[in-house]
Amino acid sequence: MTFSPFATPSRFTPLPWAAVVWLCAGGVPAVGTAETDVTNLGSMLDPLFRDHCVKCHGGGYAVQGDVDLSAVRTADDLTSRPELIADLLKAVESGHMPPPEEPPLDPALRKGVVTQLESLLMAAAKAAKPVGTPIRRMTRFQYDNAVRDLFQLAFDVHPLPERMMRDLNQYFDPARGVLPEHVVVFSRPLGKDGDGERQLRGTAPFAQDLRAEHGFDTQGDHLSMSPLLMEQFLQLARSVVDSPDFNRDNVGIWNDFFEPPPGPPEATSAAVRDRLQRFLSRAFRRPVEPAVVDRYARHVLASVAEGTPFVDAMKTAAAAALASPQFIYLCDATVPGGSRLDDFALASRLAFFLWGGLPDDELVGLAAAGTLHEPEVLGAQVERLLRDRRLKRFCDAFPIQWLQLERIIASEPDMARHPSFYFAEYRASMHMMFEPLLVFEAVLVENRPITDFIDSDFSYRSSLLDGWYRDGRAGHGEVSDVTMRRVPITDRRQGGLITTAATMTMTSGPRQTKPITRGAWLATVILNDPPPPPPGNVPVLAEEPGEDEEHLTLRERFEAHRTNPSCAGCHRRIDPLGFAFENYDEAGVWRDTYPNGRPVDPAGTIFGDHAFKDIVGFKDALLAEKDRFARGFAAHLLSYACGRPCTAADAPAIDAIVKASAADGHRIQDLIRLVVLSDTFRR
Amino acid sequence: MPSSHTRRTFLRGAAGASLALPWLESLATAAPAHRGAQRLAFFYLPDGVVRRGFFPGEADAAVPQFSNGKTAVNVNDGVAVGLHPLTSLTPTQAPLEPFVRKITFVSGMDRFYKNGSDVHAQCGSCFLSQATAHSVKDSIYPLARTLDHVVGDVVGGTTPLRTLELSCNSHTDNKESMYFDNISWYSAGQPAPSLRDPRKVYARLFGTGGAKEARSITDLVLDDARDMQKRLGKSDRDKFAEYFESIRSIEEQIDRREKLKVDLSKVKLDLPVDSHLPRGDYIRLMGEMMVAALQAGITNVATLMVGAERWDTPFTYEGLFDKPMSHHQMSHDQHQFTKELLALDRFHMEIYAHLIARMDAIKEADGRSLLDNTLFVYGAGLGDGATHQYTRLPIIVAGSGGGRFRTGRHLHCPDGTALANLWLTIAGTMGVKADRFADSTGPIDALLA
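Note that the structure is a prediction, hence the values are computed from the model and not measured.

Rules used in this analysis
Residues numbered from 1 in each chain as written. Chains lettered and ligands numbered in written order. Predicted model: local features only at pLDDT ≥ 70, side-chain atom pairs only at ≥ 80, totals over all residues. Pairing = 2+ DSSP bridges. Helix = DSSP H or I, 4+ residues; strand = E, 2+ residues; numbered from the N terminus. Axes fitted to C-alpha atoms, helices over the stretch in contact; angles between N-to-C directions. Contact = placed C-beta atoms within 7 Å. Left-handed = near helix turned anticlockwise from the far one by under 90°. Nonpolar A, V, L, I, M, F, W, Y, C, P; charged D, E, K, R; others polar. Core = buried A, V, L, I, M, F, W, Y, C linked by C-beta atoms within 7 Å. Buried ≥ 20, exposed ≤ 12 C-beta atoms within 10 Å, placed from the backbone. Parallel < 35°, antiparallel > 145°, perpendicular 65-115°, else oblique. pLDDT = per-residue confidence, 0-100.

### What about the sheet that holds strand 3 (residues 182-186) of chain A?
All names here are of chain A. Taken together, four strands build an open sheet; the order of strands is 2-3-8-7 and the sheet is antiparallel. Both edges of this open sheet fall to strand 2 (166-167) and strand 7 (458-461), since each of them pairs with a single strand only. Pairing of strand 2 with strand 3 involves two bridges; the strand directions are antiparallel. What sits directly across from D167, in strand 3, is V185.

In structure tokens form, the structure reads like this:
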């Protein structure tokens, strides 16, 4: 089997320091007593540095773990480096520093240090230059949505396998505030195509965008243009308007744009200008200048004068708009002085965040009126977007990428051990993937606390999944129209997203679970604290135990196997997060013992002082630290929306979001509204 | 009009590269175009090879372990450093037997590894990179314009496509980032994406592809781009240059295509079928289309990735294994999968040999074969898939680049020889005037005729 524990990208920029905090989280022997200079950092940090840090991390001796604090003398040395403060804070606050071999921190000192570091971080973040998002092209998913929005197209431009779950019974209506008890869905990547799924015939999509190293496919640093892609954009733009399905029946704006205007030919010029003015302003998400309208109009009128039918001339103009950089690129224009996004850019950012496509007339109208950035106006717009069916696009992108759910597509548990995972030519994973997506949608539509993602009292199951959770034997497996029913969950081993069959299966190999992969997944997805990539010489653990290992549990095999002491630092943190799930086998089925008869031992300790005996205790520990999860979740939302990883400079914004949402238990719509109203989102 | 410096930041590498790497100023000054059509192509293998099958003198070496890559590095293979006549081939290399006088086997070359990024991601993305370990500040990858583009800047000036990028990654799950899936980069952060679908490759190479229709709208969109550029800040304007460059390259392409009449009967390729191809047929077909593109003058520089790095999803290797297998997963466990891995290495080598045969059968106007006029490099970024070592890499160069390489030999380099020395040699052979490439210490003149 592979033993690549961090097969998944992480969401934050992998700052050297973040890696350092992981790497040096233990296991580094002290070299000697440092005769270091005295620091002047304040009443709490001075004793911390003197007694607990510089022995290994600065002074006259070899610097351990690449962490050198010897240059830190005064508070100014810290405030100029917010990332450093954030990592110090994380190391101290989470209990990972000092390592267990070293004298522990006095609790009062720890508390004081945390308070002081927090206020230093706030000061540093406020002083830091705001991070902008680079100009970037739309993703394929956004492009498809935007083209639909622009023409009011009745269906998708081209197939989008990135959308993992299709709504077959129009269940998704967030205005109702509740997700129905029965939903009918199907999966394109794994299942049979549903009936009636249509696209524009004759169009050729460009390739799906790969995930960014640090997370979502929206990330600006990963969305570039190339000649190949430009060719594909040009051809796609042309093929959209040339499709036999691009006609009066399927194009909502047909009569207002493509239909030849009535009246004498002299009136045509004015009509064309008027139509292009509206069309281009919608395509480019801001009012277009008369010169631009003139340019397009000249093109259309010249074609018509040469004998091109009016419809075709307008199609060419429309195709040009679809290939225009002002359509394809998202760029975040600011008000003069650069203190915040201008209202049109804000309308775009909000629409692409929650609708994955173009801002509608109301948003653009508020931007034109110059009021969109006002908190009450903006807040009301968030509420409106959250009630619109277009919110489904957010559900088709964010949760899949946040949970890394594409990984289920390639999961293939051993057929001999899990025969009913395979039925006809399909796999149970097709049903599994719906469950976390529907729980996510229910939490979103019903404005539930995000703690439901850890531990919920309901879920969505098909009859196949009912059987799966009962005893690992699938019930009847539908292959196209899958009915998922809402079920109450009383057994806390189930419920939430983190212990679903989908997440457990996709973080396993064919014949055994991968606790390190699971731990890395949880650290990345739930805590937003991804471990650094493992060193290149990672040892391998065989898929099957060796002859001398048959009597061991997986945990014992790992421990026997782990000979490299430099691994211990990270693994002390990852392992408990992964071994907590050991009662779920490689296909997510509950087990109390391993195949060799030995009992499963999921116990561990997280965050320094939350000991747990089993998965329910683990969920309790996560719930007790729900603000950590909320911070991570808010950062994921911000990163997805803004197209860039969060940095330490965003910490004050994230803190403010989480403090405000805590009042009502971190309800997801509150979090989304607070994210949109945050400084990070608006600049 | 966009200013010349923004136009030159992306496709024309010289100015763009020098923005990031001032010492490269002199690197890509174009040689005169009268050199004739020399070609450069790469056949990139992910996840390394099994050393015992590939390298002479290592057949009986211990199965590599993960505990420490260095132990595997220092295998004493008994091969003397220096040049040897290439007289016998190892089992993995055996398919190259008919061409043993037309290839150069290079062993013992190393690359640096920059800490902080995944070993597989860096392995593929930085294989052809001209960056040195610490020259790139804003990325964890030591990545800059790659060798294929540096050469394309010089020999791609008259072909419709400056370079061609192909990949046999047919996975449908979106599992890995772009760093695992691209060996060809315009610059750090800007991959030259590859085509994976044979029908799309065919259409791009030999079809009209709607390029003419595209031209009907390029005037409008270029004007939009100029408007937009005025609103952008400095850093966005630099990135936005990619749009101008892309449009302009398409216009050039259309012009050059009109002059270049490709005789489809000569390249002997039909439109690929619209159905699943067995893995071997698929890789072979992608390779054949690459060869056809080089033959027809559609491009002079091409890269072909046999697969993406890591990407654990199993492939069905028809005729090889009875169930889907993951190259990467197997590569970690050479105790259990030696037989399968050796078969897979051999499977890929047979395709490489097939493409060499194909190239050698094509006679060019100067009387040489296409192979003779090409440098066709086989290589992996890892010296071994189990140890993930960046040392003692498996490299073969087929062809002589128009008689410039003296072939039929094996060069065994001393430990620590930079792979970049070979890249510098190749770049020079292809007409790039440069003193350095990445961490090169100098060209390997011994390889030349």
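### Looking at the sheet that holds strand 9 (residues 393-398) of chain B
Residues and elements named next belong to chain B. The eight strands lie next to each other as 2-10-3-9-8-1-7-4, forming an open sheet whose pairing is mixed. The open sheet has two edge strands with one neighbour each: strand 2 (82-85) and strand 4 (164-167). When the angles between neighbouring strand axes are averaged without regard to direction, this sheet yields 15°. When strand 8 (residues 374-380) meets strand 9, the two strands line up antiparallel, connected through four bridges. Within strand 9, the residue paired with Y378 across the bridge is I396. Of the strands in this sheet, strand 1 (39-45), strand 4, strand 7 (301-305) and strand 8 touch helix 12 (residues 279-296), which is tilted by about 175° from strand 7.

### Observations concerning the packing of helix 7 (residues 227-242) of chain A against helix 11 (residues 310-323) of chain A
Residues and elements named next belong to chain A. In contact at an axis separation of 8 Å, helix 7 and helix 11 are set at 145° when each is read in the N-to-C sense. The two elements helix 7 and helix 11 meet at a crossing, and its hand is right-handed. Between helix 7 and helix 11, the contacting residues are F233, L234, A237, R238, V240 and V241 on the first element and K315, A318, A319, L322 and A323 on the second. For the contact of helix 7 with helix 11, the per-class residue count stands at nine nonpolar, no polar and two charged.

### Focus: the nonpolar core
All names here are of chain A. If you look at the biggest cluster of nonpolar residues, it comprises 200 residues, and the most contacted ones within it are I85, L121, L280, A634, L671 and V675. Among the elements that line this core, the one with the most residues is helix 25 (residues 626-642), at ten residues. When near neighbours in sequence (up to four residues on either side) are disregarded, L121 contacts P82, I85, A86, L89, A648 and A651.

### What to know about the pairing of strand 7 of chain B
All names here are of chain B. Taken across its five residues, strand 7 has five buried, putting it largely inside the fold. Residues of strand 7 alternate between two faces, with V301, T303 and M305 on one and A302 and L304 on the opposite face, all of them buried. Sheet topology places strand 1 next to strand 7; five bridges connect them, and they run parallel. Counted as the bridge partner of F43 is L304 from strand 7. Bridge count for strand 4 against strand 7 is four bridges, and the pairing is parallel. If you follow L164 over to strand 7, its bridge partner there is A302.

### With respect to the pairing of strand 9 of chain B
Residues and elements named next belong to chain B. Counting buried residues along strand 9, five of its six residues qualify, which places the element largely inside the surrounding structure. Where strand 3 (residues 103-110) lies against strand 9, five bridges are found, and the strand directions are antiparallel. Each bridged residue has a counterpart across the sheet, and for M109 the counterpart in strand 9 is L393.

### Regarding the packing of helix 16 (residues 392-403) of chain A against helix 18 (residues 434-445) of chain A
Residue and element names in this part refer to chain A. Relative to each other, helix 16 and helix 18 sit at 120°, their axes nearing to 10 Å. Judged by the inter-axis angle, helix 16 sits oblique to helix 18. The crossing of helix 16 and helix 18 is right-handed. Where helix 16 abuts helix 18, its residues C395, P399 and L403 lie against P436, L437, F440, E441 and L444. Across the contact of helix 16 with helix 18, the residue classes tally to seven nonpolar, no polar and one charged.

### Some remarks on the confidence of the model for chain B
All names here are of chain B. Per-residue confidence for chain B gives a mean pLDDT of 85, with 88% of residues at or over 70. Ignoring residues within four places in sequence, the model shows residues 14-36, a span with pLDDT below 50, making 44 contacts including any to other chains. Contacts of residues 67-72 to residues separated by more than four positions or lying in other chains number 15 contacts, the stretch itself having pLDDT below 50. With pTM at 0.88, the complex prediction returns an ipTM value of 0.85.

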